Amino acid sequence: MTEPDASARFTEMYAAHHAQVYAYAVSRAGRRLADDVVSETFLVAWRRLSAMPPAPLPWLLVVARNVMHGRYRDEVRQASLADELRAWVDEVDADVADGVAERSSVLAALAQLAESDRELLTLVAWHGLSNRDAARVVGCSVATFFVRLHRARKRLEQALTDVDETESTKEFSR
Amino acid sequence: MSRHRDVLEMLSEARPGQLDRGPRPLDLNAITAYPRDTTRRRRRRRLLVAGGLIPAVAAGALAVSAVVVRLDAPPPASTATGREASPPATAQQLLLTAADRVALERVADEKAIAGRYWVIKTEQGATRQVGPAGRPYDILQKISQESWLAWTPKDQSRFFFQGLGAAPATPADTAAWKRDGSPAKWTQPAPRGMKPVVITAASGPRRLKTTRGTGFVLGGRRVSAAELSTLPADPARLKAYLLKQDTTTGETQTEYLFWSANLLVLDMPVTPEVRAAAYRMMAGLKGVTTLGQVTDQQGRKGVAVAYTRRGDAGTLGQVRLIFDPRTGQAFAREFWNLGKSASGQGKLTSYTLVTSAAWSSATPPEK
C-alpha cells in the first residue's frame, strides 16, 4: 500500500465508522472517556492499517476494546460507565413520551447485568453486529458466542422482571 | 409489561440517543502525518521516535494539528502592537472585521498562485502528564513541522518533522519534576500490544515523510485541492456544505462548525473570500466568545475567539483561534482545559502555531 492510498483509505474508514466507534466507546466506557478512546483507536488503526480487513468495523471495535482495556484501569472505566448507565435511565425517565417506561426498565435491567453480558447484548442490539462479527470482537468462536448470548439474554429477562417488580412496589407504596 | 416480546428487540428499541452524539472532531492529518507500523524492523525503530507525540494527540482529543497551509506568513510580534488595533468589544465584531480585512488579501494572492507547493512551517505542542503515580506533573512536548504540500496530485508532498524536546509545563511542574529526580526522559505505558512511548527532553533529528498529491482534511473527509478551490464564499452556503459532511447535532455541531471554520482560516489553502466566509460563519455561531488580546506560545500578539463546551465529564474544554485583528490573518490555535468552572486559570492542552507560509515553485529539500 503506498502512502497516498493509505491515507485515503484511512480517511474513508474514519468517515464511514467514527460514529460507530464512538457509540461503542460510550456503551463500554461512558461519554467521559469516549472521546479519548475514539482518538486513540484511530491512531492505533492508522499505525496498524496494513492489518485492516476490507470490512473494518469489527476490527476497529477490537482495537477500541484493547485501547479501553490497556489505557484505563478497570475501576476508572467502570466508574465512568456506571455514570453513563445511570444517566441513560435518568434521561429516559425525564422523558414523557410513550413507551418510556419500557425503555427505562430495559436500561435499568441492563445496568444490573455483569459487564460481559452487557457487552454481548449491546454488540448485537445496539451496534448492529452480526453474531459472527460480535464473536470476533469479544474474541471467541461463534458457537461459544451463541451460548453466551443465550445466557446473557436469560439474565436480561430475569433482571427485567426484577426491575418491573421493584417498580410496581414503588408505585404501590406511593 | 408484556413478556412475549423478545428482550433483544426491546433492548434495540431502548438504544440511548447518547450513543449517537458523535466524537469530538479529530484532526486526521495529525494522525496520518506519522509513520505507519509495518512489519519491517527498520520502520519500527523510526516508529519509536515518532511515537513520542502520538498519545498526546489522543490525550488532547482534538489535540495537535499537523498539516497546515495558509496564504501568508503571520505578523511578527514587533508589528502587532495591540493598542493601535483597538479591537472591537465582541467576538462577533472581531470576526466580522477580520472577514472584511482578510478579503483584501486578494491582490497579493493572485500574484502568488503560480506556486507548485504551499510551504508552511508550524510548531505544535501538547501537554502530557508524566511522573510517579502519586505525584504526577505536566510536561509540554513540542515538535516543528515543515510541509511542502503539492497542489496537484502529480507532485509529491513532503513533510519534515523534528521533535523540539519536552520540559515541565509550569513552575509548579518544574518543582515536581525536580522531586522526580529531574529525568531527561519519560516512559509512558501504551495500549495493549503497542510499545511504550518514550519522550525525551532533548530535541530529536529531522525526519522526512512523503506522500503523493495533496491531503487536506475537512469535515472528517479528505478533500482535493480542486474541491477546496470550489468551496462556497457565502457564509450560509459554506455552513450548509460543512453540515452536509457531518451528522452531529446540538452543541457538538456548533463545535464542529467552529472547528471547521478554524481549519479554513488557519490551515487550508482557500481563497480570501472563503476565509472571509468562514469568519462570517463563525460570527453567527452561538457561544463564540472573545478573550480579547492574547499572545500565542511564541509571544506573538493577537486577539482570540473561543468556543467552550462543557464535556460529558463536567469539565470545560475550549478551542481558541488567535488572529491579527488588523489583517484578519489567523496564526495560532490552542486547546485549553478550563476545569470545572470558567473562572479558573485553565490548562493549555495543545497548540498549533504557524511560523511561516508561502507559495513556492522551488524543488523541495531532500532531507
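Described in the following lines is the structure provided in the data block. None of these values were measured; they are calculated from a predicted model.

Within chain B, the regular secondary structure consists of twelve helices and 13 strands. Counting the 367 residues in chain B, one finds 54% classified as buried. Within chain B, counting contacts between residues at least 6 apart in sequence, those at least 24 apart form 66% of the total. Carbon and sulfur atoms make up 53% of the accessible area of chain B, which totals about 15,600 Å².

Working note: a packed helix pair is described by the angle between its axes plus the distance between those axes. Residues and elements named next belong to chain A. Where helix H6 (residues 115-125) contacts helix H7 (residues 131-138), the two axes come as close as 10 Å, and the packing angle between them is 140 degrees. Our classification of the angle between H6 and H7 gives oblique. Our pair here, H6 against H7, has a crossing hand that is right-handed. Taken together, the residues of H7 that come into contact with H6 (itself represented by Glu119, Leu120, Leu123 and Val124) are Asn131, Ala134, Val137 and Val138.

Turning our attention to the packing of aromatic side chains. Scanning all chains against the criterion turns up eight aromatic pairs over all chains. Ring geometry for Phe258 of chain B versus Tyr307 of chain B: centroids 6.1 Å apart, planes at 35 degrees, classification tilted. One end of the pair, Phe258 of chain B, is in helix H11 (residues 250-266); the other, Tyr307 of chain B, is in strand E10 (residues 301-310), and 49 residues separate them in sequence. In terms of burial, Phe258 of chain B and Tyr307 of chain B fall into one category: buried. Among the aromatic side chains, those forming a connected cluster through ring pairs are Phe10, Tyr14, Phe42 and Trp46 of chain A. Above the ring of Phe160 of chain B, the side-chain terminus of Arg206 of chain B is found at 4.1 Å from the ring centroid. Over the face of the ring belonging to Trp336 of chain B we find Arg320 of chain B, whose NZ or CZ atom lies 4.1 Å from the ring centre.

Turning next to the nonpolar core. Counting residues in each nonpolar core, the largest one holds 70 residues, and the members touching the most others are Phe10, Phe42 and Leu121 of chain A together with Leu11 of chain B. Considering each element in turn, this core owes the most residues, eleven residues, to helix H1 (residues 3-29) of chain A. Each of domain 1 (1-81) and domain 2 (95-174) of chain A gives at least three residues to this core. Grouped together as the second largest cluster of nonpolar side chains are 51 residues, Leu94, Ala98, Ala277 and Val303 of chain B included.

What counts, and where the lines are drawn
Sequence order as written defines residue numbering, which begins from 1 separately in each chain. Chain labels run from A onward and ligand labels from 1 onward, assigned in the order the entries are written. Under the rules for a predicted model, residues below a pLDDT of 70 receive no local features and side-chain atom pairs below 80 are neither given nor counted, while totals for whole chains, interfaces and linings still include all residues. As a rule here, side-chain values come from all non-hydrogen atoms in the structure, and water together with hydrogens is ignored. Helical segments are the DSSP runs of H or I of at least four residues, strand segments are the runs of E of at least two, and each set is numbered from the N terminus. Partly exposed describes any residue whose relative accessible area lies between the buried limit of under 20% and the exposed limit of over 50%, with all areas from a 1.4 Å probe on protein chains only and scaled to the type maximum. Pairs of residues are marked as contacts when any of their non-hydrogen atoms sit within 4.5 Å. Accessible surface area values rest on a Shrake-Rupley calculation with a 1.4 Å probe, where residue burial reflects the displayed protein chains alone. For helices, the axis comes from a line fit to the C-alpha atoms of the stretch in contact; other axes are also lines fit to C-alpha atoms, and the angle between any two N-to-C directions lies between 0 and 180 degrees. When an angle is under 35 degrees it counts as roughly parallel; over 145 it counts as roughly antiparallel; between 65 and 115 it counts as roughly perpendicular; any other value is oblique. Crossings are sorted by hand: turned counterclockwise from the far helix by less than a right angle, the near helix makes the crossing left-handed, and turned clockwise it makes it right-handed. To pair, rings of Phe, Tyr and Trp, with the six-membered ring standing in for Trp, must have centres within 6.5 Å; the planes then decide the type, stacked if under 30 degrees apart, edge-to-face if over 60, and tilted in the middle. In this scheme, the term charge over a ring applies when either NZ of a lysine or CZ of an arginine sits within 6 Å of the ring centre and within 35 degrees of the ring normal. Here the nonpolar core consists of buried residues drawn from Ala, Val, Leu, Ile, Met, Phe, Trp, Tyr and Cys, with membership extended through side-chain atoms lying within 4.5 Å. How far each domain reaches was decided by an automatic or database domain assignment.

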